[in-house]
Amino acid sequence: MRKYSPKSQTVSKNRSRNLNKDQRYGLWPGSDFGHKKLRAPPLMNLVFANRKLSFYDTSSTPKTKEDNAKLTQRRHYSMRPHREQEQRNAEDVLFDMFASEETGLISMGKFLAGLKTTGIRRNDPRVRELMENLKKVHKLNNYETGSSAETQHLNRETFKAVVAPNIVLIAKAFRQQFVIPDFTSFVKDIEDIYNRCKTNTLGKLADYIPQLARYNPDSWGLSICTIDGQRFSIGDVDVPFTLQSCSKPLTYAIALEKLGPKVVHSYVGQEPSGRNFNELVLDQNKKPHNPMINAGAILTCSLMNALVKPDMTSAEIFDYTMSWFKRLSGGEYIGFNNAVFLSEREAADRNYALGFYMRENKCFPKRTNLKEVMDFYFQCCSMETNCEAMSVIAASLANGGICPTTEEKVFRPEVIRDVLSIMHSCGTYDYSGQFAFKVGLPAKSGVSGGMMLVIPNVMGIFAWSPPLDHLGNTVRGLQFCEELVSMFNFHRYDNLKHLSNKKDPRKHRYETKGLSIVNLLFSAASGDVTALRRHRLSGMDITLADYDGRTALHLAASEGHLECVKFLLEQCHVPHNPKDRWGNLPVDEAENFGHSHVVEFLRSWAEKADLSNEECNPEAVTSKTQADEEICSTSDLETSPTTSPIPTPVESGSRAGSGRSSPVPSEAGSTASVGSSIDDKTKPGL
Ligand code: GLU
């Protein structure tokens, strides 16, 4: 990582001046966001460094009628409830990130490409309204020549109206608040692993039925879906294949959901069998060992028939089961391959033998019709899908049973916990023990070459490649899983704090100073006190400034967010009077944009500060004492809006006496921040 210093800051700044706006934002001509050409992956890196000239131009007070109208509108908004105001600001901030300085319009092509870098696709159900609104606007504009609905250019008001229904998700994406904040970098590493696996030509196709033997051994697809619905796919991800054994955890989940673990496990065990997946063997209680091997899965199918839906016909049970799979996949592709079904039924001597053996041992519930059960089992194996859909299913399992793309609660979290536990110990045939040891994650593989991998609370991954090893696991899929956990600390027993040789893509890159500034300033500009509190608790330097010397306090003041201003001064003890590179103080900003309540507060604060000679303890900002945390988590909730926000010396004393840090503002600031601290802005070129 490049060391951040005043010097490097100057260099970056000068360089950025010579770039046009698109280049500064990483939107290079011809750049394709989803791919490697992208220069500056998360488009936010320099956003706040350069955009202020147009939108937060503090060198002049508003002069035109339009400006005045804008001010009135801002005042009006500032009186709205907090949530609504926050939302409005998120929309404005987004517009300012992407709008062209020359035209004052936003290119929706660039905006959507930016959204894609965060992992959100245009066909995500959670941005459906946005996409529909774009079409409506395009139509209203009479399909303006030269641009499609998705590449049209919009003005501020239209943009805000278009994104409004989905702003919560969109703001979360651009604030990098998803489980994988830097999705672009993560995806790049995934691509590297994918490409390494591609060259592996070991393994043989399953040939017990002709349909599997006909697969192309070069087929190799990989799809990822995080619990926040961030998507990435590479290779043969749309090619259909049958679920085979990957259906087993899903039918087991339905049985658990409907019958509960007590009933289900009175029929089937939880132990790895230590034997072949289709071996004619039961455990010492005369039950199949677990629901992931053939005997256990056939038994689960019998529970569906006899206990879950005893009144349904075979056809109805098939539809019923398919509808569960579909809901788990967020409505993505789940079909049925009749040729595979017929072949499975033909080549099923061993499975029939298992069925009869279990019937002989009275394993099934009463009223079981074995023929129907066997057919149902073959039907589940013959359901067809693709990597894309299966990654969403895996993500639903990672997300406690809630589909990340539709947000539908399909299964209860307890059900998913049980399913994942069994997948962890029994999901990869006779490799299960080694898989649990090396990969340390729940997974399920199938003879068609699928491997469903679940990283609980993070993401689901589906790898598909037909060549299998001698134990029946996809060779490339297995290699992918093993390489994944050697690169990232996803193994269940990786220590997240102390293991240093693996990457943690969940980690917010607060180490990257540029990104910290973006996040901090974004939160201040949007009036998001909760986010500011989080930044502070994470140990971030709240006095950080962008290349124009603008601090969180400048932005909170210029947007009229009194709560943020109070929090920054009272809780974070930031200096009240940092100057940006035009010499503007936060109070000037508040004045320029007509936020009289903020002006009043800042002026009183400054007066108190001038009277007080007390030095602020530098520790107060950067180190988190228990008292600090208490202050952070409670104080701005406790503060009554009617009480004066300005601490009197007496109040200060009594608070200090109660162990809390001093709220008295300091001229010098309370932290010696590196590089971008406010002091540095007096240096030439900053
Ligand atoms: N239909 C296959 C069987 O029951 C499924 C095998 C598997 O994927 O493990 O033999």
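(A) Layout of the overall build of the protein. Within the protein, the secondary structure is distributed over 31 helices and 10 strands. With 686 residues in all, the protein has 58% of them scored as buried. In the protein, 72% of the contacts between residues at least 6 apart in sequence involve partners at least 24 apart. If you sum the accessible surface of the protein, you get close to 28700 Å²; carbon and sulfur atoms cover 52% of it.

(B) Region of interest: the site of the ligand. The full set of residues close to the ligand is Tyr208, Gln244, Ser245, Phe277, Asn294, Glu344, Asn351, Tyr377, Cys381, Tyr429, Gly446 and Val447. Here the shell around the ligand is built from residues that sort into 6 nonpolar, 5 polar and 1 charged.

(C) Layout of unusual backbone geometry. Of note in the backbone geometry, Gln244 takes a positive phi value of approximately 50 degrees without being a glycine. Within the secondary structure layout, Gln244 lies in the loop between strand S5 (241–242) and helix H13 (248–264). Phi is positive for His573, close to 55 degrees, though the residue is something other than glycine. By the element assignment, His573 lies in the loop between helix H26 (562–571) and helix H27 (586–592). Assessed through its relative accessible area of 2%, His573 is described here as buried.

(D) Examining helix H10 (residues 167–174) more closely. With respect to burial, H10 is a largely interior element, 6 of its 8 residues being buried. Listed as buried for H10 are Ile167, Leu169, Ile170, Ala171, Ala173 and Phe174. Phi turns positive, to about 55 degrees, at Gln176, one or two residues after H10.

(E) Molecular detail of the pairing of strand S10 (residues 459–464). Of all 6 residues in S10, 6 are buried, a share of seventy percent or more. Burial along S10 is two-sided: the residues Met459, Ile461 and Ala463 and Gly460, Phe462 and Trp464 are all buried. Pairing of strand S3 (residues 221–226) with S10, which is carried by 6 bridges, proceeds in the antiparallel orientation. From the neighbouring strand, Ile224 faces S10, where its bridge partner is Ile461. The pairing of strand S9 (residues 450–455) with S10 spans 6 bridges and is antiparallel. Looking at the pairing, Ile455 lines up with Met459 of S10. Here S9 folds back onto S10 in antiparallel fashion, the turn holding 3 residues, of which Asn457 has a positive phi close to 65 degrees.

(F) Here's a closer look at the packing of helix H7 (residues 108–117) against H10. Two elements in contact, H7 and H10, have axes whose closest approach is 9 Å; the angle formed by their N-to-C orientations is 70 degrees. Here H10 runs roughly perpendicular to H7, going by the angle between their axes. Judged by the sense of rotation from one axis to the other, the crossing of H7 with H10 is left-handed. Of H10, the residues touching H7 (which contributes Phe111, Gly114 and Leu115) are Ile170, Ala173 and Phe174. Tallied by class, the residues present in the contact of H7 with H10 amount to 5 nonpolar, 1 polar and no charged.

(G) Molecular detail of the pairing of strand S4 (residues 231–235). Note that S3 and S4 share 5 bridges and pair antiparallel. Its bridge partner being in S4, Ser223 is matched across the sheet by Ser233. Once S3 ends, the chain turns through 4 residues before running back antiparallel as S4, passing Gly229 with a positive phi of about 75 degrees.

(H) Representation of the sheet that holds S4. Taken together, 5 strands build an open sheet; the order of strands is S4-S3-S10-S9-S8 and the sheet is antiparallel. Both outer strands of the open sheet, S4 and strand S8 (443–445), are each paired with one neighbouring strand and no more. Across this sheet, the average inter-strand angle for adjacent strands is 10 degrees, counted without regard to direction. In the packing of helix H22 (residues 475–487) onto the sheet, contacts are made with S3, S9 and S10, and the angle to S9 comes to roughly 20 degrees.

(I) Focus on the sheet that holds strand S6 (residues 335–336). One open sheet accounts for 3 strands, arranged S5-S7-S6; its pairing is antiparallel. Bordering the open sheet on either side are S5 and S6, each of which pairs with just one other strand. Strands in contact with helix H15 (residues 314–328) are S6 and strand S7 (383–385); relative to S7, the strand with the most contacts, it is inclined by about 20 degrees.

(J) Structural detail: the packing of helix H14 (residues 294–308) against H15. It is at 11 Å that the axes of H14 and H15 come closest, and there the two elements cross at 115 degrees. Taken together, the axes of H14 and H15 lie roughly perpendicular to each other. Regarding H14 and H15, the two cross each other, and that crossing is right-handed. Judged by residue contacts, Met304, Asn305 and Val308 of H14 engage Ile317, Tyr320 and Thr321 from H15. Of the residues belonging to the contact of H14 with H15, the class tally is 4 nonpolar, 2 polar and no charged.

(K) Summary view of the packing of aromatic side chains. Per the stated rule, a full pass over the model turns up 20 aromatic pairs. Consider the rings of Phe98 and Phe174, whose centres lie 5.4 Å apart with planes at 65 degrees: the pair is edge-to-face. Remark: Phe174 occurs in helix H10 and Phe98 occurs in helix H6 (residues 82–98); sequence separation between them is 76 residues. Here Phe98 matches Phe174 in class, with each residue buried. Between the aromatic rings of Phe111 and Phe174, the centroid separation amounts to 5.6 Å while the plane-to-plane angle is 40 degrees, which identifies the pairing as tilted. Of this pair, Phe111 sits in helix H7 while Phe174 sits in helix H10, placing them 63 residues apart in sequence. A residue is classified by how much of its surface remains accessible, and Phe111, at 0% relative accessible area, is buried. Under the relative-accessibility criterion, Phe174 is labelled buried at 1%. Counting every residue linked through ring pairs, the aromatic cluster contains Phe95, Phe98, Phe111, Phe159 and Phe174. Its end group placed over the ring of Trp324, Arg327 keeps NZ or CZ at 4.7 Å from the ring centre. Its end group placed over the ring of Tyr429, Lys444 keeps NZ or CZ at 4.5 Å from the ring centre.

Criteria and cut-off values
- Residues numbered from 1 in each chain as written.
- Predicted model: local features only at pLDDT ≥ 70, side-chain atom pairs only at ≥ 80, totals over all residues.
- Heavy atoms only, no water.
- Helix = DSSP H or I, 4+ residues; strand = E, 2+ residues; numbered from the N terminus.
- Buried < 20%, exposed > 50% of the residue type's maximum accessible area, 1.4 Å probe, protein only.
- Contact = heavy atoms within 4.5 Å.
- Areas by Shrake-Rupley, 256 points an atom, 1.4 Å probe, with all protein chains shown as cover.
- Near = heavy atom within 4 Å.
- Nonpolar A, V, L, I, M, F, W, Y, C, P; charged D, E, K, R; others polar.
- Pairing = 2+ DSSP bridges.
- Axes fitted to C-alpha atoms, helices over the stretch in contact; angles between N-to-C directions.
- Parallel < 35°, antiparallel > 145°, perpendicular 65-115°, else oblique.
- Left-handed = near helix turned anticlockwise from the far one by under 90°.
- Phe/Tyr/Trp six-rings, centres within 6.5 Å; stacked < 30°, edge-to-face > 60°.
- Lys NZ or Arg CZ within 6 Å of the ring centre and 35° of its normal.

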